[in-house]
Amino acid sequence: MPLRILLILLCAAMILIIPFTVSSPNLLNDVKMELMNDGEDEIDFGKLFFPGAMAEDLPEEEVEEEELDGEKPAEGAFEAHPEWVIPFDFTVPPAPDAALYTEDSYEDETIRVKMEKQEMDDGTKMYVAYIQIADPCQLRTGVANPEKTSSTRTKTVKAMAKYYNAVIAINGDNYVDNPQKTTFEFRMTKAIRSKTNKTKDILVIDDLGNFRLFIKSQGIKELPDQLKKEGRSIINAFTFGPALVKDGVLLELDENYGYNPNGREPRTAIGQMGPLSYVMVIIQPKDRSGNTGFSQRKLAEFMYNLGCVQAFNLDGGNSAEMVFGDQVIKGQPGADDRTLSDIVYFATMQP
């Protein structure tokens, strides 16, 4: 008889305790999540029936620290400095700090550049600049005559890079080469020409710094309405090409596109690798024999293999040139300084 009474009392005690031990929805959710695991982890039933143990497992200070810990920037990303933003016009950005240049890099609080040189067995050199920026305003274009963008005035890439305080710069598409060209050209929001050309590809860069490619100008007429719906705008646009990589896909190129598409030439290309992440490339033949350098197809494959999501060919030949600090890299070895209408460059925002 005493044993039966003892069992009854124990059962009554358990009934009274259970509502207090399982009343917390958070504890039930914890157990639910563990039940949804892949089955490899053991479920801690102690969390359900002995909530006091949870508080002992994690000190109070650590709980507070975790609650206050905000989202951290991704590795390699920059913190925003809205007060440093440069207008989308021909405003000259702050000058880079000469002390921050090394032979193959530049880095401050808003921009990171890493240079790389590759070489093929035949002597062709590939100069690659990887660029990461903090804000879209740092991807810019400069023209020889910013007061009148339609002017036929030209300057060297080096002179324009110096004027605009470029951290790094390459030649653009030299849009004044033929003033009668039917092309779609914008520079720092200013429309220079806005006609379509069914034989040429177009690169548009929007206010988020994203590349948009239009093959043989298809879809360019619908772009204004599309941008309006998205709340975006055109900052720069180039008609040259061909487009090399679009949306991560290596493109099939027109065998008759532009000048000497299958020949081995000095080349210039620009690509986007991700948000605010870009690459600039100069292809330098060993000599002028025509036996070294890249064809358009080879350039497309090279940009694709670098990891470009979008990539576009710019003016090459004697126009191909990159300026990085005091270094001037010409596509054509020993070529004289050629004057051009425009450059593409990256700037620092740091005052």
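It should be noted that the structure appears before, not after, this text.
Residues numbered from 1 in each chain as written. Predicted model: local features only at pLDDT ≥ 70, side-chain atom pairs only at ≥ 80, totals over all residues. Heavy atoms only, no water.

**Brief notes about the sheet that holds strand 18 (residues 327-330)**
Where strands meet in a sheet, backbone hydrogen bonds hold them as pairs that are either parallel or antiparallel. Pairing in this open sheet of 5 strands is antiparallel, and the strands run 4-20-6-17-18 from one edge to the other. The open sheet terminates on both sides in strands that have one partner only, identified here as strand 4 (139-143) and strand 18. Between one strand axis and the next, the sheet turns through 20 degrees on average, direction left out of account. Pairing geometry for strand 4 and strand 20 (residues 342-346), over 5 bridges, is antiparallel. (Pairing = 2+ DSSP bridges. Helix = DSSP H or I, 4+ residues; strand = E, 2+ residues; numbered from the N terminus. Axes fitted to C-alpha atoms, helices over the stretch in contact; angles between N-to-C directions.)

**A few points about the sheet that holds strand 2 (residues 111-119)**
Strands sit in the order 1-2-3-15-14-16-12-13 across an open sheet of 8 strands; the sheet is antiparallel. Two strands bound the open sheet, and with one partner strand each, they are strand 1 (105-107) and strand 13 (249-250). One ladder, built from 3 bridges, connects strand 1 with strand 2; its direction is antiparallel. Its bridge partner being in strand 2, Tyr106 is matched across the sheet by Val113. Those strands touched by helix 8 (residues 296-306) are strand 2, strand 3 (125-133), strand 12 (243-246), strand 13, strand 14 (267-274), strand 15 (277-284) and strand 16 (310-314), and its axis lies near 25 degrees from that of strand 14. (Contact = heavy atoms within 4.5 Å.)

**Some points on the packing of aromatic side chains**
According to the stated counting rule, one finds 8 aromatic pairs in the structure shown. Residues Tyr163 and Tyr164 carry aromatic rings whose centres are separated by 4.8 Å and whose planes lie at 90 degrees to one another, so their mutual orientation is edge-to-face. Assessed through its relative accessible area of 1%, Tyr164 is described here as buried. Aromatic side chains Phe294 and Phe302 sit 5.8 Å apart centroid to centroid with 70 degrees between the ring planes, which places their arrangement in the edge-to-face category. The same class applies to Phe294 as to Phe302, namely buried. (Phe/Tyr/Trp six-rings, centres within 6.5 Å; stacked < 30°, edge-to-face > 60°. Buried < 20%, exposed > 50% of the residue type's maximum accessible area, 1.4 Å probe, protein only.)

**Comments concerning the environment of Ile235**
Looking at the secondary structure, you find Ile235 in strand 11 (residues 234-240). Classification of Ile235 as buried rests on a relative accessible area of 2%. In this structure the C-alpha to C-alpha distance between Ile235 and Leu139, which are 96 residues apart in sequence, comes to 9.6 Å.

**What to know about the pattern of salt bridges**
Enumeration over the complete set of coordinates arrives at 14 salt bridges. Notably, a salt bridge pairs Glu321 with Lys330, separated by 3.4 Å at the nearest N-O pair. Using a relative accessible area of 3% as the deciding quantity, one classes Glu321 as buried. Shared partners join several salt bridges into a network, and the residues in it are Asp173, Glu185, Arg187 and Asp342. (Salt bridge = Lys/Arg side-chain N within 4 Å of Asp/Glu carboxyl O.)

**Looking at the pairing of strand 2**
The antiparallel pairing of strand 1 with strand 2 creates a hairpin that spans 3 residues between the two strands. In this sheet, strand 3 lies alongside strand 2 in antiparallel orientation, the contact comprising 9 bridges. Directly across from Gln118, in strand 3, lies its bridge partner Met126. Hairpin connection, strand 2 to strand 3: the antiparallel pair is bridged by 5 residues, and Gly123 has positive phi, about 100 degrees.

**Some remarks on unusual backbone geometry**
For the bond from Gly241 to Pro242, the omega torsion is 15 degrees, close enough to zero to count as cis. Structurally, Pro242 is set in the loop between strand 11 and strand 12. One non-glycine residue with positive phi stands out, namely Asn165, at about 55 degrees. Turning to its location among the elements, Asn165 is positioned in the loop between helix 6 (157-163) and strand 6 (168-171). Of note in the backbone geometry, Ser217 takes a positive phi value of approximately 65 degrees without being a glycine. Its place among the elements puts Ser217 in the loop between strand 10 (211-214) and helix 7 (223-230). Assessed through its relative accessible area of 7%, Ser217 is described here as buried.

**Things to note about helix 8**
When we look at burial in helix 8, the residues that qualify are Gln296, Leu299, Ala300, Phe302, Met303 and Leu306. Down the axis of helix 8, the buried set is contained in an arc of 165 degrees. They therefore lie on one face. Looking at the residues trailing helix 8, positive phi occurs at Gly307, about 105 degrees. (Arc of directions from axis to C-beta.)

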